[in-house]
Amino acid sequence: MNTVLKYAETLSYLRPGQFYHRLLFKTFRPKPDLRPAPEVNGRCVKKRAFAAATDCFFGGCRFRFINEEHEIKDASGWNDAGINKLWLYNLHYFDFLRQPDITGEAGALWIERWIKENPPATGNGWEPYTLSLRIVNWIKWRLAGHELSAEALHSLAVQTRYLGKSLEYHLMANHLLANAKALVFAGCFFDGAEASEWLEKGLAVYRDQLPEQILNDGGHFERSAMYHSIILEDLLDLKNISSPLDADLYITKMLRWLAVMTGPDGKICLFNDAAHGIAAAPDKLLEYAAALGFRTEGLSVSSSYDLPDTGYARLQRGDWTCICDGAPIGPDYQPGHSHADTLTFELWHKDKRIICDSGTKQYIQSDIRRQQRGTAGHNTAVIDGKDSSYVWSAHRVAGRARIIKRFFSREMFSAAHNGYSGIIHERDWIISEGGLIIGDYLQGAGAHDIALMFHFSPEYKIFIIDDKTVKIDCGEVSLALKTDCDSMEISPAAGRYSPEFGVEQKSPVICFKTRTVLPFKITTSIYVI
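So, here's what we can say about the structure. Just so you know, these numbers come straight off a predicted model, no measurement behind them. (Residues numbered from 1 in each chain as written. Predicted model: local features only at pLDDT ≥ 70, side-chain atom pairs only at ≥ 80, totals over all residues. Heavy atoms only, no water.)

**Observations concerning the packing of aromatic side chains**
Line of reasoning, step 1. For the structure shown, the criterion picks out 27 aromatic pairs.
Line of reasoning, step 2. Ring centres 5.8 Å apart and planes at 80° place the aromatic pair Tyr93 and Tyr129 in the edge-to-face group. Placement of the pair is Tyr93 in helix H3 (residues 85-93) and Tyr129 in helix H5 (residues 128-143), with a sequence separation of 36 residues. In this structure, Tyr93 and Tyr129 share a single accessibility class: buried.
Line of reasoning, step 3. Consider the rings of Tyr363 and Phe501, whose centres lie 5.0 Å apart with planes at 85°: the pair is edge-to-face. Taken together, the positions of Tyr363 in the loop between strand S7 (352-355) and helix H12 (367-373) and Phe501 in the loop between strand S19 (489-497) and strand S20 (505-517) put the pair 138 residues apart, joining distant regions of the chain.
Line of reasoning, step 4. Accessibility expressed as a relative area gives 15% for Tyr363, which makes it buried. (Phe/Tyr/Trp six-rings, centres within 6.5 Å; stacked < 30°, edge-to-face > 60°. Helix = DSSP H or I, 4+ residues; strand = E, 2+ residues; numbered from the N terminus. Buried < 20%, exposed > 50% of the residue type's maximum accessible area, 1.4 Å probe, protein only.)

**So, helix H7 (residues 173-189)**
Line of reasoning, step 1. When the terminal C-alpha atoms of H7 are compared, their 25 Å separation across 17 residues agrees well with the 24 Å that a helix rising 1.5 Å per residue should span.
Line of reasoning, step 2. Within H7, 17 of the 17 residues are buried, which leaves the element mostly enclosed by the surrounding structure. (Expected span 1.5 Å × (residues − 1).)

**Focus on helix H8 (residues 193-213)**
Line of reasoning, step 1. Between its terminal C-alpha atoms H8 stretches 30 Å, which fits the 30 Å expected from 21 residues at 1.5 Å a residue.
Line of reasoning, step 2. Listed as buried for H8 are Glu194, Ala195, Trp198, Leu199, Gly202, Leu203, Val205, Tyr206, Gln209, Leu210 and Gln213.
Line of reasoning, step 3. Along its buried surface, H8 packs onto helix H6 (150-164), H7, helix H9 (225-240) and helix H10 (248-260). (Contact = heavy atoms within 4.5 Å.)

**Let's talk about the nonpolar core**
Line of reasoning, step 1. One finds Phe96 and Leu235 to be the most contacted residues of the largest nonpolar core, which totals 109 residues.
Line of reasoning, step 2. Per-element accounting of this core gives the leading share, eleven residues, to H7.
Line of reasoning, step 3. In terms of nonpolar packing, the next biggest core, distinct from the first, is built from 46 residues, Trp320, Ile423, Ile438 and Phe456 among them. (Core = buried A, V, L, I, M, F, W, Y, C linked by side-chain atoms within 4.5 Å.)

**Details of unusual backbone geometry**
Line of reasoning, step 1. Here the residue pair Leu518 and Pro519 is connected by a cis peptide bond, since its omega of 5° sits within 30 degrees of zero.
Line of reasoning, step 2. Structurally, the position occupied by Pro519 is in the loop between S20 and strand S21 (520-528).
Line of reasoning, step 3. Phi angles above zero are rare outside glycine, and Arg223 is one such case at about 60°.

**A closer look at the pattern of salt bridges**
Line of reasoning, step 1. By the definition in use, this model includes 32 salt bridges.
Line of reasoning, step 2. Between Lys140 and Asp237 there is a salt bridge, with the nearest N and O atoms lying 2.6 Å from each other. Remark: Asp237 occurs in helix H9 and Lys140 occurs in helix H5; sequence separation between them is 97 residues. The pair Lys140 / Asp237 is uniform in exposure class, with both members buried.
Line of reasoning, step 3. Arg161 is the salt-bridge partner of Glu194, the closest N and O atoms lying 2.6 Å from each other. Of the two residues, Glu194 is situated in helix H8 and Arg161 in helix H6; the sequence distance between them amounts to 33 residues. (Salt bridge = Lys/Arg side-chain N within 4 Å of Asp/Glu carboxyl O.)

**Focus on the packing of H6 against H7**
Line of reasoning, step 1. Contact geometry for H6 and H7: axes closest at 10 Å, N-to-C directions at 135°. Taken together, the axes of H6 and H7 are oblique relative to one another. In this structure, H6 meets H7 at a crossing whose hand is left-handed. Here H6 contributes Leu153, Leu156, Thr160, Leu163 and Gly164 to the contact with H7, which in turn contributes Asn179, Ala182, Leu183, Ala186 and Phe189. (Axes fitted to C-alpha atoms, helices over the stretch in contact; angles between N-to-C directions. Parallel < 35°, antiparallel > 145°, perpendicular 65-115°, else oblique. Left-handed = near helix turned anticlockwise from the far one by under 90°.)

**Section: the pairing of strand S15 (residues 447-455)**
Line of reasoning, step 1. Buried residues dominate S15, accounting for seven of its nine residues.
Line of reasoning, step 2. Pairing geometry for strand S8 (residues 381-383) and S15, over three bridges, is antiparallel. Paired with Val382 across the two strands is Ala451, which belongs to S15.
Line of reasoning, step 3. Alignment of S15 against S20, held across nine bridges, turns out to be antiparallel. Residue pairing for S20: His448 is matched across the bridge by Thr516. (Pairing = 2+ DSSP bridges.)

**Remarks on a positive patch on the surface**
Line of reasoning, step 1. A cluster of basic residues, Arg22, Lys26, Arg29 and Arg396, forms a positive patch on the protein surface.
Line of reasoning, step 2. If you trace the backbone, Arg22 turns up in helix H2 (residues 16-27).
Line of reasoning, step 3. The exposure class assigned to Arg22 is partly exposed, which follows from its relative accessible area of 31%. (Patch = residues over 30% accessible without salt bridge, like charges linked within 9 Å, V, L, I, M, F, W, Y side chains within 5 Å. Areas by Shrake-Rupley, 256 points an atom, 1.4 Å probe, with all protein chains shown as cover. Lys, Arg positive; Asp, Glu negative; His and termini not counted. Charge placed at Lys NZ, Arg CZ, Asp CG, Glu CD.)

**Remarks on the side chain of His170**
Line of reasoning, step 1. With respect to the secondary-structure elements, His170 resides in the loop between H6 and H7.
Line of reasoning, step 2. The exposure class of His170 is buried, given its relative accessible area of 6%.
Line of reasoning, step 3. Each residue touching His170, except ones within four places of it in the same chain, is listed here: Gln18, His21, Arg22 and Phe25.

**Remarks on the sheet that holds strand S6 (residues 345-349)**
Note on sheets: strands pair through backbone hydrogen bonds, and any given pair is parallel or antiparallel.
Line of reasoning, step 1. Taking strand neighbours across the sheet as the criterion, the five strands line up as S3-S4-S5-S6-S7 in an open arrangement whose pairing is antiparallel. Both outer strands of the open sheet, strand S3 (305-307) and S7, are each paired with one neighbouring strand and no more. Within the sheet, the average angular offset between the axes of one strand and its neighbour, ignoring direction, is 20°.
Line of reasoning, step 2. As paired strands, strand S4 (residues 312-317) and strand S5 (residues 320-325) are joined by six bridges and run antiparallel to one another. Residue pairing across strands places Gln316 opposite Thr321, the latter belonging to S5.
Line of reasoning, step 3. H10 rests against S3, S4 and S5 of the sheet, and its axis sits at about 120° to S3.

**Side note on the environment of Pro458**
Line of reasoning, step 1. You can see Pro458 is positioned in the loop between S15 and strand S16 (461-464).
Line of reasoning, step 2. On the basis of relative accessible area, Pro458 is assigned to the partly exposed category, the value being 23%.
Line of reasoning, step 3. For the pair Pro458 and Tyr333, spaced 125 residues apart in sequence, the C-alpha separation works out to 35 Å.
Line of reasoning, step 4. Look past the residues within four positions of Pro458 in its chain and what remains in contact with it is Tyr497, Gln505, Lys506, Ser507 and Pro508.

**A closer look at the state of the cysteines**
Line of reasoning, step 1. Across all of its chains, the model carries zero disulfides by this definition.
Line of reasoning, step 2. Unpaired in terms of disulfides, Cys56 finds its nearest cysteine sulfur in Cys61, a separation of 15 Å.
Line of reasoning, step 3. Residue classification places Cys56 among the buried residues on the basis of a relative accessible area of 5%.
Line of reasoning, step 4. Take Cys322: it sits in no disulfide, and the sulfur closest to it among the cysteines is that of Cys324, at 3.6 Å.
Line of reasoning, step 5. With a relative accessible area of 0%, Cys322 lands in the buried category. (Disulfide = S-S within 2.5 Å.)

Pasting the structure below:
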């Protein structure tokens, strides 16, 4: 696809308002409003402890985010061009105020440093998303029993005013909800007419966006279990401070969705942009929800379950759990966290994740970003070396696969997509006590290169047994991956697995490939040997 067509197709999915707000975002910067802060509303209290953050501050000037460590010794560090921008964003979020061992003195010092070294409307810390998360974390710090100086309260009000004029309507999706949360938090924390305006503005965003962004099966419409978990914690936080937002029904549905999308290892699926260690772990979110009065006892999933609105399905039988992706790529107007992963899956035997997606290492345009977003980075079919959806740059999608067929039963899930021009890829997953059978059906015409990709967890060893069979040594158990096709070539490869941001591990990949005339059918079986 040439550059003009690529941009034209990408932009064609945007909503008209996004063009206007993108232009506004690029050309207009609000003037900081330095008026005194409103009075603090003493009625704003937390019911339960907020969810703790992972340790990321290690004393002195040393921080560790996304598996990178740096020291912020002076004012230049907050916007150091030599440091990963996502790392700097994490620094500005101030999540470290919620790590269990941080002292009041350390928290106050870093708040004071931020105010002095990040003048209004300057640098990464004044972007809407970083503003949103930091506003909430500073208020949580105060509600947890720590002091905010008069200078910090003033800065908090200035930040909130600036955010209120910078809402991310050009991006929408999870960013806009993060903006809304900060406004609601500030509106509850402060008192008076201005605080009421912040509160109503934030509530209006939630009331408008939640019915669209949280689908009927409880999943967030960006189809990432990581962002789903972040938004779920946001809603629990709003419940915790007794905000006027009534989100109990959404929370209940989101808790169920999260349970379905959590593997027997207790960790979320890695479909689309997702990584472990960013959002609170599923068990911590369940604990937090239970502390706030939500029923969580029956949320453990021990059987198959369908999520028809987001498009995912869980098949579970005996020692086997398979979570399947029959989902559309995401909301058309914001697919920035989407991968070309249609009809991928992850597979567990007991509590071991055997077959896994390649994960997400980074958000910058790079070879590994392209590889992990591309179809070959997932456990599905690649045709003629192309991606099923045209992912490009770090967060862009042009043409995209559409789900055209879908079926679920307790033992079987089936879906089909049309992402390859003139070709339909249909896949069946059938689970039993004995293992998993995958049927791939490619409908079309002419000769094509077909590759079926299988990515395995890094700790496992792969051995080719014969021209149809691969052995997977999983330590306590050995599994077989076997096809029924005489013409397939088995091609082992070294993959790159990123279960967390900033992590890159070598992992074994098996590719069954052939050149054949369509239509074509192949069955792959996975079982214990």
